[in-house]
Amino acid sequence: MQLIADLHIHSKYSRACSKNLTLPNIAKACEIKGIDLVSTGDFTHPAWFEHIKTELKETTPGIYSVKNSKTKFILGTEFSCIYKKGGKCRRLHLCVFAPNIETVGKIIQKLESHRFNLASDGRPILGIDAKNLLGLLLEIDENIFMIPAHAWTPWFSVFGSYSGFDSIEECFGELSPRIFAIETGLSSDPKMNWRWSALDNIALISNSDAHSLENLGREANVFNLEVEKTPNLYAEIRRILKEKDKNKFLYTIEFFPEKGKYHFDGHRLCGVSFKPKETKKLKGICPVCKQPLTIGVLRRVDDLADRAEPEPKNKIPYKNLLPLKEIIAAAFGIGDKSKKVEAEYQKLIKAGKNEFNVLLNLNAQEIAKISSPEIAEAMNKMRNGEIKLIPGFDGEYGKIEIFSEKEKGPKKQQSTLF
Ligand SMILES: [Zn+2]
Ligand SMILES: [Zn+2]
């Protein structure tokens with residue numbers, strides 16, 4: 001059985017997050033999306049932890065659900081560590097998972113004893129070395145695990161060009177073997193990471209980092225797991241990631257990395273963006289304002305990679321997907337927030353079970369039958385990667401064109417797709 005998991009999301013108590021992010025709402029949204037397992041997010045926040053304790057019941061060791069929902073929750077959170085090491089200021093975001101509510105209670109106690117302010121944000125800022133934080137967590141429980149979040153983003157990540165390190169070892173020292181997975185983030189995909197041999201033994205996972213219900217599952221992980229036959233699902237997921245078990249970890253679901261906010265280098269306010277090669281020619285300086293350009297993820301991977309070409313051997317495969325609403329919007333040639341898109345989305349979800357089932361499993365004929373040939377064609381183009389990508393840079397999301405201007409022109413006569 002396929003189990004789709006989104007292991008990094010936020011609650012309504014994290015900065016810039018939707019007020020709708022409550023556990024019952026998340027559970028319901030996951031059913032519509034087709035997400036089977038989702039992180040609670042933000043478990044060190046006092047009010048959110050109370051909400052977790054009130055709403056969630058343990059269904060199998062380490063896995064919880066809310067009343068009347070089949071969505072499963074795993075206890076997860078994210079920390080923002082800001083500290084000095086090696087004469088540089090480091091800013092890292094780190095996902096952390098706990099095996100049960102009791103352990104979360106101990107984590108909170110321990111962090112409070114260090115006088116960290118957990119109430120200020122769902123993703124609290126801790127002035128502690130990432131390695132020391134990991135050590136402190138493992139002292140509480142060996143089954144806790146840490147996964148560096150969006151590992152390549154320039155300002156807040158383990159390999160970030162402005163904030164991070166040049167290797168896992170430089171950051172985590174003797175605790176490096178305890179880091180067995182990283183999150184590739186929206187602006188990078190597994191293929192880019194396959195160019196760096198240092199990551200050959202690291203599982204590459206993908207999550208939404210959603211700040212709203214709409215964004216849940218925009219990236220995710222697909223496992224081959226029989227939930228009923230797995231006595232300890234938490235331990236099993238940890239094991240699969242730790243051992244990079246290819247029989248159980250089937251693939252990741254990815255954005256197109258160009259769509260991420262930090263794929264290329266550039267300056268948002270100056271309206272300029274560059275490929276790594278062009279930035280090198282410019283010596284990293286913006287031709288408009290003459291200040292250093294914000295270096296993106298592609299360039300950073302380029303700097304650390306030790307292979308010219310990705311090495312796909314022994315790697316977990318992946319699929320690039322766009323959210324269904326964007327596909328519908330492109331097919332109609334209108335904005336994805338419009339009523340017409342919403343109506344068509346509801347129609348597809350109703351007939352197609354859930355969003356991931358429509359995106360991953362329905363063939364073009366089935367989609368055309370439920371909705372329209374244009375949407376089926378847009379879906380085909382996405383699945384075949386026949387789309388135009390305008391890479392994001394310096395905090396600006398990239399853009400995707402499914403139909404070119406020419407195709408959009410006088411409505412195509414050819415509806416003979418099938
Ligand atoms: Zn996050
Ligand atoms: Zn500039």
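What counts as what
- Residues numbered from 1 in each chain as written.
- Chains lettered and ligands numbered in written order.
- Predicted model: local features only at pLDDT ≥ 70, side-chain atom pairs only at ≥ 80, totals over all residues.
- Heavy atoms only, no water.
- Helix = DSSP H or I, 4+ residues; strand = E, 2+ residues; numbered from the N terminus.
- Areas by Shrake-Rupley, 256 points an atom, 1.4 Å probe, with all protein chains shown as cover.
- 1 Å grid on protein atoms, 1.4 Å probe; cavity = no way out; pocket = protein on both sides within 12 Å on 5 of 7 lines; lining within 4 Å.
- Points joined across faces, edges and corners; volume = space filled by probe spheres on them.
- Nonpolar A, V, L, I, M, F, W, Y, C, P; charged D, E, K, R; others polar.
- Donors = N, O, S within 2.8 Å, 3.2 Å for Na, K, Ca; no water.
- Tetrahedral: all angles 85-135°; square planar, octahedral: opposite > 155°, others 65-115°.
- Buried < 20%, exposed > 50% of the residue type's maximum accessible area, 1.4 Å probe, protein only.
- Domains from an automatic or database assignment.
- Contact = heavy atoms within 4.5 Å.
- Buried area = accessible area lost by both parts, 1.4 Å probe.
- Polar contact = N/O pair within 3.5 Å; in protein donor to acceptor, adjacent residues only side chain to side chain.
- Axes fitted to C-alpha atoms, helices over the stretch in contact; angles between N-to-C directions.
- Parallel < 35°, antiparallel > 145°, perpendicular 65-115°, else oblique.
- Left-handed = near helix turned anticlockwise from the far one by under 90°.
- Pairing = 2+ DSSP bridges.

Brief notes about the overall build of the protein chain
Scanning the protein chain from N- to C-terminus turns up 15 helices and 17 strands. Principal-axis analysis of the C-alpha atoms gives the protein chain an extent of 70 × 55 × 40 Å. For the protein chain, the exposed surface amounts to about 18,300 Å²; the carbon and sulfur share of it is 51%.

Here's the deal with the layout of surface pockets
Approximately 790 Å³ is the volume attributed to the largest pocket. The set of elements that each furnish at least two residues to the lining of the largest pocket consists of α1 (23-33), α10 (324-332), α11 (339-352) and α12 (355-361). When its residues are assigned to classes, the lining of the largest pocket shows 14 nonpolar, five polar and eleven charged. Empty space within the second largest pocket amounts to approximately 640 Å³.

Structural notes on the coordination of the zinc ion (ligand 1)
Within the protein, the atoms that donate to the zinc ion (ligand 1) are His 8 (NE2), His 10 (NE2), Glu 78 (OE) and Asp 209 (OD), at distances of 2.1 to 2.2 Å. Considering all four donor atoms around the zinc ion (ligand 1), the spread of angles at the metal, 83 to 172°, places the coordination shape in the irregular class. Read N to C, the donor residues that coordinate the zinc ion (ligand 1) are spaced as H-x1-H-x67-E-x130-D. On the criterion of sequence distance, the pair formed by His 10 in the loop between β1 (2-6) and α1 and Glu 78 in strand β5 (residues 72-85) is long-range, its members being 68 residues apart. Assessed through its relative accessible area of 1%, His 10 is described here as buried.

Quick word on the coordination of the zinc ion (ligand 2)
Taken together, the protein donors to the zinc ion (ligand 2) comprise His 267 (ND1), Cys 270 (SG), Cys 286 (SG) and Cys 289 (SG), at separations of 2.0 to 2.3 Å. Because the angles between the four donor atoms bound to the zinc ion (ligand 2) fall within 100 to 125°, the donor set is best described as tetrahedral. Along the chain, the residues that donate to the zinc ion (ligand 2) are spaced as H-x2-C-x15-C-x2-C. Taken together, the residues span a long stretch of sequence, with His 267 in strand β13 (residues 265-267) and Cys 286 in the loop between α8 (276-281) and α9 (297-304) at a distance of 19 residues. Neither residue differs from the other here; His 267 and Cys 286 are each classed as buried.

Observations concerning the domain arrangement of the protein chain
Structurally, the protein chain comprises domain 1 (2-258) and domain 2 (323-408). On the domain 2 side, the residues contacting the 14 residues of domain 1 number 15 residues. Across the domain 1 to domain 2 interface the summed buried area is about 1,200 Å²; carbon plus sulfur atoms make up 69%. Taken as a group, Lys 33, Phe 256 and Glu 258 account for 47% of the area that domain 1 buries against domain 2, more than any other trio of residues on that side. Here domain 1 is connected to domain 2 by four residue pairs in polar contact (both at pLDDT 80 or more). Those elements that provide at least two residues to the side of domain 1 that touches domain 2 are α1 and β12 (249-254). Counting residues per element, the side of domain 1 that touches domain 2 draws most heavily on α1, which supplies three residues. For the side of domain 1 that touches domain 2, the per-class residue count stands at eight nonpolar, two polar and four charged.

Looking at the packing of α1 against helix α2 (residues 46-55)
Between α1 and α2, the shortest axis-to-axis distance is 10 Å and the interhelical angle comes to 65°. Taken together, the axes of α1 and α2 lie roughly perpendicular to each other. For the pair α1 and α2, the contacting residues are Leu 23, Pro 24 and Ile 26 in the first and Trp 48, His 51, Ile 52 and Glu 55 in the second. Residue composition of the contact of α1 with α2, grouped by class: five nonpolar, one polar and one charged.

Focus on the packing of helix α3 (residues 101-113) against helix α4 (residues 130-140)
At their nearest, the axes of α3 and α4 sit 10 Å apart, and the two run at 135° to each other. With respect to their mutual orientation, α3 and α4 come out oblique. Viewed along their axes, α3 and α4 form a crossing whose handedness is right-handed. In this structure, α3 contributes Thr 103, Lys 106, Ile 107, Lys 110 and Leu 111 to the contact, and α4 contributes Leu 133, Leu 136, Leu 137, Glu 139 and Ile 140. Considering only residue class, the contact of α3 with α4 consists of six nonpolar, one polar and three charged.

Remarks on the pairing of strand β6 (residues 88-98)
β6 sits mainly inside the fold: nine of its eleven residues count as buried. Pairing of β5 with β6, which is carried by eleven bridges, proceeds in the antiparallel orientation. Paired with Glu 78 across the strands is Cys 95, a residue of β6. Joining the antiparallel neighbours β5 and β6 is a turn of two residues, in which Gly 86 adopts a positive phi near 60°. Across four bridges, the pairing between β6 and strand β8 (residues 145-148) is antiparallel. When the bridges of β8 are listed, Cys 95 appears paired with Ile 147.

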